[in-house]
Amino acid sequence: MAPPSLEHASVLAELQVVRRAGPLRLRGRDDLPLLEAAAAGLTATRTREGAVEALLRHAVERLDPGTLRTAAEYTLGLAQGTRDWPASSRRARAAEVYRVSVERFRKHHEVMVLGQVAEHIVELVEGGGEPDGVDREGATHRTLDVLAGDRGARLTLHIHPVDLLRDLDVVVSPVNTHFALPESYKSSVSASLRRAASVRGVTGDLLDDPVHDELRTWAARHATGGRPVLPGTVAATGSGALAGSGVRRIYHAAVAVPRAGTNDYDVLPADVTRATSRALALLAEEHARYAPPLRSVCFPLLGSGRGGLPYRVSAAAVWSAVEAELARGARWDVHFVGHTPEAARAVERIAAGTRPGRARPAPGRSG
């Protein structure tokens, strides 16, 4: 079925229906004809309600990371654990994201948030789906042949959550300049790695939190005394339970500077580049200390979560340091990881400027 021509106001009206119902109450509805037709043309999901939810997730993933995307996820019941929440609870949590009253959020912010989602749905339909060759239903690993200076190199791109990485020597994790890890139930890269590295009993009780403990030991050894380190500083720890998945080291890159009096952070692209360069230098220092030697390293798009950097800015900042290192003749096996197709496209666009070819599925990789 071909996707329809959509008007923004009509899509927005149907998004209000979804907001009130929530994802679990879409089955059997007959008041979402535009969203259902658009979803049928863009997704391969079997059920109508599943297709609509997939379309909404596609659109929300295109929003800039930060308050806008987070509020949209809560408003539409797409945030983890909120699918069965009543509309009033989802609205209240979304209002907290913007630190406004529920009534003010309803009158102002909610209209803006849903309006942005509607715009992206219209763009998806009018553009015939994802424009830049990233197939949301396709391979989760791709190889990119690139030029670094006059040298050829191959990057591997992973399109899945960071805790699904397998058989990589080093994973780089963004942290704040206090090296304070988020709680393991959070959704950030560093929280996911902390959770995956922890050791739990058969009942789920936490038995060991090795990454958190090692990072505190590192801070004590370097006498930070609770003071923030300079942005770009990198601390190395073991990988805890991730060793069972073939991940051997975690490099914690301090790129996020807490903003006084808020829960927000500031991230500068120059600090991301500096941290990337330092992580590669640390890899060179540690390379021969392990058997077999460390060789592969994986970068997320540093600072693109709570730090608020657009994916393309983060990708460019990381790549500038990686490119410089590879151009000098380094033979590291470099990987990038992003859990959304939009993040993957940002990496592909950066790499596309240095190569004539196209991305292709990576053969035989499991993580």
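The structure this text deals with has already been given above.
All values reported here derive from a predicted model rather than from experimental measurement.

Scanning the chain from N- to C-terminus turns up 11 helices and 11 strands. For the chain, buried positions account for 50% of its 367 residues. Partitioning the intrachain contacts of the chain with sequence separation of at least 6 by distance along the chain shows that 65% fall at a separation of at least 24. When the accessible surface of the chain is split by element, carbon and sulfur atoms take 51% of a total near 17,000 Å².

As a further point, take the packing of aromatic side chains. Counted under the stated rule, the structure contains four aromatic pairs. Measuring from ring centre to ring centre gives 6.5 Å for Tyr 74 and Trp 85, while their planes differ by 20 degrees; the resulting arrangement is stacked. With a gap of 11 residues between them, Tyr 74 in helix H4 (residues 67–75) and Trp 85 in the loop between H4 and helix H5 (87–98) connect regions that are remote in the sequence. Between Phe 299 and Phe 336, the ring centres sit 6.3 Å apart and the planes meet at 40 degrees, which makes this aromatic pair tilted. Of the two residues, Phe 299 sits in strand S9 (residues 296–300) while Phe 336 sits in strand S10 (residues 333–337), which places them 37 residues apart along the sequence. Across the pair, Phe 336 and Phe 299 agree in class, each one buried.

Ranked by internal contacts, the top residues of the largest apolar core, which has 44 residues, are Tyr 251, Phe 299, Val 334 and Phe 336. With seven residues, the single largest contributor to this core is helix H10 (residues 311–327). What Tyr 251 contacts, discounting residues up to four positions off in sequence, is Val 170, Val 171, Val 172, Ser 173, Val 234, Ala 235, Ala 236, Ala 279, Leu 282, Leu 283, Glu 286 and Leu 294. Counting residues in hydrophobic clusters, the runner-up holds 38 residues, among them Leu 78, Ala 79, Ala 94 and Val 125.

What follows is about empty space enclosed by the protein. Inspection of the entire model under this criterion finds two cavities of 30 Å³ or more. Taken as a whole, the largest cavity encloses approximately 40 Å³ of empty space. Taken together, Leu 155, Ala 315, Trp 319, Phe 336, Val 347, Ile 350 and Ala 351 make up the full set of residues lining the largest cavity. Of all the secondary structure elements, the ones that give two or more residues to the lining of the largest cavity are H10 and helix H11 (341–352). Looking at which element gives the most residues to the lining of the largest cavity, the answer is H11, with three residues. Partitioned by chemical class, the residues of the lining of the largest cavity number seven nonpolar, no polar and no charged. The space that makes up the second largest cavity amounts to roughly 30 Å³. If you trace the second largest cavity, you find it lined by Leu 26, Gly 28, Leu 32, Glu 36, Arg 48, Glu 49 and Val 52. No other element matches the three residues that helix H3 (residues 48–61) contributes to the lining of the second largest cavity. Each residue belonging to the lining of the second largest cavity can be placed in one class, and the counts come to three nonpolar, one polar and three charged.

With that settled, consider unusual backbone geometry. The general pattern is negative phi for most residues beyond glycine and trans for most peptide bonds. A cis amide bond, omega -5 degrees, links Ala 291 with the succeeding residue Pro 292. Here Pro 292 is to be found in the loop between helix H9 (269–286) and S9. One non-glycine residue, Asp 167, lies in positive phi territory at about 55 degrees. Phi at Phe 179 takes a positive value of approximately 55 degrees, unusual for a residue other than glycine. When you line up the elements, Phe 179 lands in the loop between strand S3 (170–176) and helix H7 (189–197).

Let us now look at H5. Between its first and last C-alpha, H5 extends 17 Å over 12 residues, near the 16 Å set by a 1.5 Å rise per residue. Among the residues of H5, those classed as buried are Ala 87, Arg 90, Arg 91, Ala 94, Ala 95, Val 97 and Tyr 98. Looking straight down H5, one finds that the buried residues subtend no more than 145 degrees of arc, so they occupy a single side. When the buried face of H5 is taken as reference, the exposed residues oriented beyond 90 degrees from it are Ser 88 and Glu 96. In this structure, the buried side of H5 is in contact with helix H1 (8–21), H4 and helix H6 (102–126).

Okay, the pattern of salt bridges next. In this structure the tally under the stated criterion is 19 salt bridges. In this structure, Glu 49 and Arg 27 form a salt bridge, with 3.0 Å as the shortest nitrogen-oxygen distance. Placement of Glu 49 in helix H3 and of Arg 27 in the loop between H1 and helix H2 (33–42) is noted, with a sequence separation of 22 residues between them. Judged by relative accessible area, which is 65%, Arg 27 ranks as exposed. Look at the salt bridges and you will find they share partners, linking Arg 19, Arg 91 and Glu 110 into a network.

The subject of this paragraph is the pairing of S3. Where burial is concerned, most of S3 is hidden: seven out of the seven residues are buried. Side-chain alternation along S3 places Val 170, Val 172, Pro 174 and Asn 176 on one buried face and Val 171, Ser 173 and Val 175 on a second face that is also buried. As defined by bridge partners, S3 adjoins strand S7 (residues 249–258) across seven bridges and the pair is classed as parallel. In the sheet register, Ser 173 faces S7, and the bridge partner there is His 252. Here S3 runs beside S9; their pairing, made up of two bridges, is parallel. Bridge pairing in S9 places Val 170 opposite Val 297.

The rules behind the values
Residues numbered from 1 in each chain as written. Predicted model: local features only at pLDDT ≥ 70, side-chain atom pairs only at ≥ 80, totals over all residues. Heavy atoms only, no water. Helix = DSSP H or I, 4+ residues; strand = E, 2+ residues; numbered from the N terminus. Buried < 20%, exposed > 50% of the residue type's maximum accessible area, 1.4 Å probe, protein only. Contact = heavy atoms within 4.5 Å. Areas by Shrake-Rupley, 256 points an atom, 1.4 Å probe, with all protein chains shown as cover. Phe/Tyr/Trp six-rings, centres within 6.5 Å; stacked < 30°, edge-to-face > 60°. Core = buried A, V, L, I, M, F, W, Y, C linked by side-chain atoms within 4.5 Å. 1 Å grid on protein atoms, 1.4 Å probe; cavity = no way out; pocket = protein on both sides within 12 Å on 5 of 7 lines; lining within 4 Å. Points joined across faces, edges and corners; volume = space filled by probe spheres on them. Nonpolar A, V, L, I, M, F, W, Y, C, P; charged D, E, K, R; others polar. Expected span 1.5 Å × (residues − 1). Arc of directions from axis to C-beta. Salt bridge = Lys/Arg side-chain N within 4 Å of Asp/Glu carboxyl O. Pairing = 2+ DSSP bridges.

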